[in-house]
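# A look at the structure
Letter by letter, the chains look like this.
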Amino acid sequence: MKKIIISILLLCSVSFALSLDDVKRGLKSNSINEDSLEMKFKTTISSPLMGTQTMESYNVRKGPDKIYFEMKGKLINQRMIVSGRKMKVIDLKTNAERIMNTNPEMLKKMQSPVSNPMENGNWKNPVLVSGNVYRIDGDSATVYYDAAQKHLVKMEQNNDKTNTLITFEYNPSTKQMSAMRMSIMIESKETKIDMEFSKYQSSKNFPDRFFDF
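As the structure is a computational prediction, the values presented were derived from the model and not from experiment. (Residues numbered from 1 in each chain as written. Predicted model: local features only at pLDDT ≥ 70, side-chain atom pairs only at ≥ 80, totals over all residues. Heavy atoms only, no water.)

## Some words on the pairing of strand 2 (residues 51–61)
Note on strand geometry: in a regular strand, side chains alternate between the two faces of the sheet. Stated formally: When DSSP finds at least two bridges between two strands, those strands are taken to pair. Numbering of helices and strands starts at the N terminus; helices are DSSP runs of H or I of at least 4 residues and strands are runs of E of at least 2.
With 10 bridges joining them, strand 1 (residues 37–47) and strand 2 adopt antiparallel strand pairing. The partner of T43 across the bridge, within strand 2, is M55. Between the antiparallel neighbours strand 1 and strand 2 lie 3 residues. Sheet topology places strand 2 next to strand 3 (residues 66–73); 7 bridges connect them, and they run antiparallel. Counted as the bridge partner of M55 is G73 from strand 3. The turn linking strand 2 back onto strand 3 is made up of 4 residues, and G63 within it adopts a positive phi angle of 85°.

## Side note on the packing of aromatic side chains
What counts here: For this analysis, a ring pair means two rings from Phe, Tyr or Trp (six-membered ring only for Trp) whose centres lie within 6.5 Å, classed as stacked if their planes differ by under 30 degrees, edge-to-face if by over 60, and tilted for the remaining angles. For every residue, the accessible area (1.4 Å probe, protein chains only) is compared with the maximum for its type, and the residue is labelled buried under 20%, exposed over 50%, or partly exposed between those bounds. Charge-over-ring placement is defined geometrically: NZ (Lys) or CZ (Arg) within 6 Å of the ring centre, and within 35 degrees of the ring normal.
In this structure the tally under the stated criterion is 8 aromatic pairs. Ring centres of Y58 and F206 lie 6.2 Å apart, and the angle between their planes is 75°; on these two criteria the pair is classed as edge-to-face. Pair noted here: Y58 is in strand 2 and F206 is in the segment after strand 13 (189–202), with a separation of 148 residues, a long-range link. Owing to a relative accessible area of 16%, Y58 belongs among the buried residues under this scheme. Residue F206 is classed as buried on the basis of its relative accessible area, which comes to 5%. Seen from their ring centres, Y68 and F210 are 5.8 Å apart, and the 75° between their planes marks the pair as edge-to-face. Placement of the pair is Y68 in strand 3 and F210 in the segment after strand 13, with a sequence separation of 142 residues. Given a relative accessible area of 30%, F210 falls into the partly exposed group. Linked through ring pairs, Y58, Y68, F206, F210 and F211 together constitute an aromatic cluster. Against the face of Y144 rests K154, its NZ or CZ located 4.7 Å from the ring centre.

## Focus: unusual backbone geometry
Although it is not a glycine, N95 adopts a positive phi angle of roughly 65°. Tracing the chain through its elements places N95 in the loop between strand 5 (86–91) and strand 6 (97–101). The phi dihedral of E187 falls on the positive side, at around 50°, and the residue is not glycine. By secondary structure assignment, the location of E187 is in the loop between strand 12 (177–186) and strand 13. We classify E187 as exposed; its relative accessible area is 66%.

## Some remarks on the environment of K189
Applicable threshold: When checking whether two residues touch, look at their non-hydrogen atoms; a contact exists if any pair is within 4.5 Å.
Following the sequence through the fold, K189 ends up in strand 13. Between the alpha carbons of K189 and S47 there is a distance of 8.2 Å; along the sequence they are 142 residues apart. When residues no more than four places from it in sequence are discounted, the contact partners of K189 are P48 and I184.

## A closer look at the side chain of E38
Under the convention used in this document: In protein, a polar contact means a hydrogen-donor-capable atom and an acceptor-capable atom, both N or O and within 3.5 Å, with residues adjacent in sequence counting only if both atoms are side-chain atoms; elsewhere, any N or O pair within 3.5 Å suffices.
Looking at where E38 falls in the secondary structure, it is placed in strand 1. On the basis of relative accessibility, which here comes to 5%, the residue E38 falls in the buried class. Within the structure, E38 has its side chain in polar contact with the side chain of Y58 (distance 2.4 Å). Residues within four places of E38 in sequence aside, it is in contact with Y58, N59, V60, K199, Y200, Q201, S202, S203 and F206.

## Structural notes on the nonpolar core
Applied cut-off: Think of a nonpolar core as a cluster: buried Ala, Val, Leu, Ile, Met, Phe, Trp, Tyr and Cys residues, connected wherever their side-chain atoms sit within 4.5 Å.
Residues M118, I136 and F197 are the most contacted members of the largest nonpolar core, which totals 26 residues. Of all the secondary structure elements, the ones that give two or more residues to this core are helix 2 (20–30), strand 1, strand 8 (133–137), strand 9 (142–146), strand 10 (151–158), strand 11 (162–170), strand 12 and strand 13. Residues contacting M118, with those up to four places away along its chain left out, are L20, V23, K24, L27, W123, I136 and V143. Counting 8 residues, the second largest nonpolar core, distinct from the first, contains I67, M80, V82 and M87.

## Let's talk about the pairing of strand 12
Inspection of the sheet shows strand 11 paired to strand 12 by 9 bridges, in the antiparallel sense. Residue pairing across strands places E169 opposite A179, the latter belonging to strand 12. Here strand 11 hands over to strand 12 after 6 residues, with K175 in that stretch at a positive phi of 65°. One ladder, built from 8 bridges, connects strand 12 with strand 13; its direction is antiparallel. In the strand pairing of strand 13, R181 is matched with D194. In textbook terms, the turn of a hairpin is the stretch between consecutive antiparallel strands, and for strand 12 and strand 13 this stretch comprises 2 residues, one of which, E187, has a positive phi near 50°.

The structure is reproduced here in C-alpha cells:
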C-alpha cells in the first residue's frame, strides 16, 4: 500500500510539473505584443560616477514600421517618429527637424526596453524554487517565473565583470508592468536604474496621425 501511495505521488508530481512551453504560453497570455505597445515611463539612474539623473519617455509602437518615441531630460529633449523607411527627428527645445532613412539595425536599437527575454536564446526546464516561483536557466541569463500570476519576478545576468539583477513589478488590476528595477554591480560599484510606468497598454487607440510627417 505504501509503495502504491508513493507511486501515485510521483505520478502527480510529474503530471503537474511545469514545462518550458507552459512558461512561454503563460507569459504570452499576459503580454502585449511589442509592435502593439504604448508606454509612458520615468527612468531614474543613480551611479557613483554620474550621480542621479531622471528622464521622461514616451514610447509607442504600432505595427512593424511605426514608432513614436520621446525623451525628455536634462541632457536631451527629442522626439523621433518612424513611418516606413523614413524617420523624423525633432529637437523639442529648438523645434529643428531632420528626416533620414531608417535601416533594420537602427530599428533594432529602438526596441522596447522590456522585451520578453525568453523569446530568444536557449532555456532549460523550470525548477521549482518555492511556492509558485520557478527558476529557469538560460545561456545568457536566469529568470524567475511566478506560475500563479504568469509573469517574471526577476532576472539575473552574471559574467566575469558585471552582475545584473532586474526585478519586475505589476499593476494588480491590469496585470501589466508597473515598474522595472535594475541593479548593476561592476567591481563592487552599484548603478541603479528604475523605470516606473504611468502607462503600459495596447497602442490600438493611439492616433495614426502622429506618424504623419
